[in-house]
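Chain by chain, the residues:
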Amino acid sequence: MANNLMRFNPFGDMSPWKNLEEMFKDFRLAPSWGAVEGEPRIKMDVTETDKAYIVKADIPGVNKEDIKVTVEGNQVSISVEVKKEQEEKMDGNVIRSERYFGRQYRSFSLGQDVDDSTAEAKYNNGVLELTLPKKAGKASKQLSVS
């Protein structure tokens, strides 16, 4: 007696595309996506000492008045208003104009609360440097199990 079982995929024949790559091959805007310069992101380094956290964030081309830093407990938020305009002219005619306006935002949590009364923020040559002293924490107590 022969076994004539077949595997059935109810959705297999319904989709005209076998995979996503094939689907986007037909989408005409896909090749230009790579050519569009995206909005820059805030890149940063965070280091820790016994007494403080040091944050260095790259935020080039902005005014220090457009940078906002908020500290709440161990939560740090950096937001910046970005305005960039670039224009190329040839013989007095604009041949290309690229600009964007918007807000960049970065938020992160630290391992310990920050003493916001002594925290400092400096902006120099496109780098925001935050010195965030650690708040004196409560000593941990180990409980004995009875």
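This is a predicted model, so every value here is computed, not measured.

Chemist: For this particular structure, what's the right way to read the packing of aromatic side chains?
Modeler: The description of two aromatic rings rests on the distance between their centres and on the angle between their planes. Counted under the stated rule, the structure contains 0 aromatic pairs. Above the ring of tyrosine 53, the side-chain terminus of lysine 134 is found at 5.0 Å from the ring centroid.

Chemist: What am I meant to see in the side chain of serine 77 here?
Modeler: Position of serine 77 among the secondary structure elements: in strand E4 (residues 75-90). A distance of 3.2 Å separates the side chain of serine 77 from the side chain of serine 107, its partner in a polar contact. When near neighbours in sequence (up to four residues on either side) are disregarded, serine 77 contacts Lys68, Val69, Thr70, Tyr105, Arg106 and Ser107.

Chemist: What is the right way to read the sheet that holds strand E1 (residues 43-48) from this model?
Modeler: Two strands in a sheet stick together by hydrogen bonds in their backbones, pointing the same way (parallel) or opposite ways (antiparallel). Spatially, the 4 strands line up as an open sheet ordered E1-E2-E7-E6, and their pairing is antiparallel. Looking at strand neighbours, the two that pair on one side only are E1 and strand E6 (120-124), the edges of this open sheet. Neighbour to neighbour, the strand axes of the sheet diverge by 15 degrees on average, direction disregarded. Bridging between strand E2 (residues 52-58) and strand E7 (residues 127-133) involves 7 bridges; their strand directions are antiparallel. Residue alanine 52 lies in a different strand from E7, and its bridge partner there is proline 133.

Rules and cut-offs
Residues numbered from 1 in each chain as written. Predicted model: local features only at pLDDT ≥ 70, side-chain atom pairs only at ≥ 80, totals over all residues. Heavy atoms only, no water. Phe/Tyr/Trp six-rings, centres within 6.5 Å; stacked < 30°, edge-to-face > 60°. Lys NZ or Arg CZ within 6 Å of the ring centre and 35° of its normal. Helix = DSSP H or I, 4+ residues; strand = E, 2+ residues; numbered from the N terminus. Polar contact = N/O pair within 3.5 Å; in protein donor to acceptor, adjacent residues only side chain to side chain. Contact = heavy atoms within 4.5 Å. Pairing = 2+ DSSP bridges. Axes fitted to C-alpha atoms, helices over the stretch in contact; angles between N-to-C directions.

Distances and angles like these do not, on their own, reveal function.
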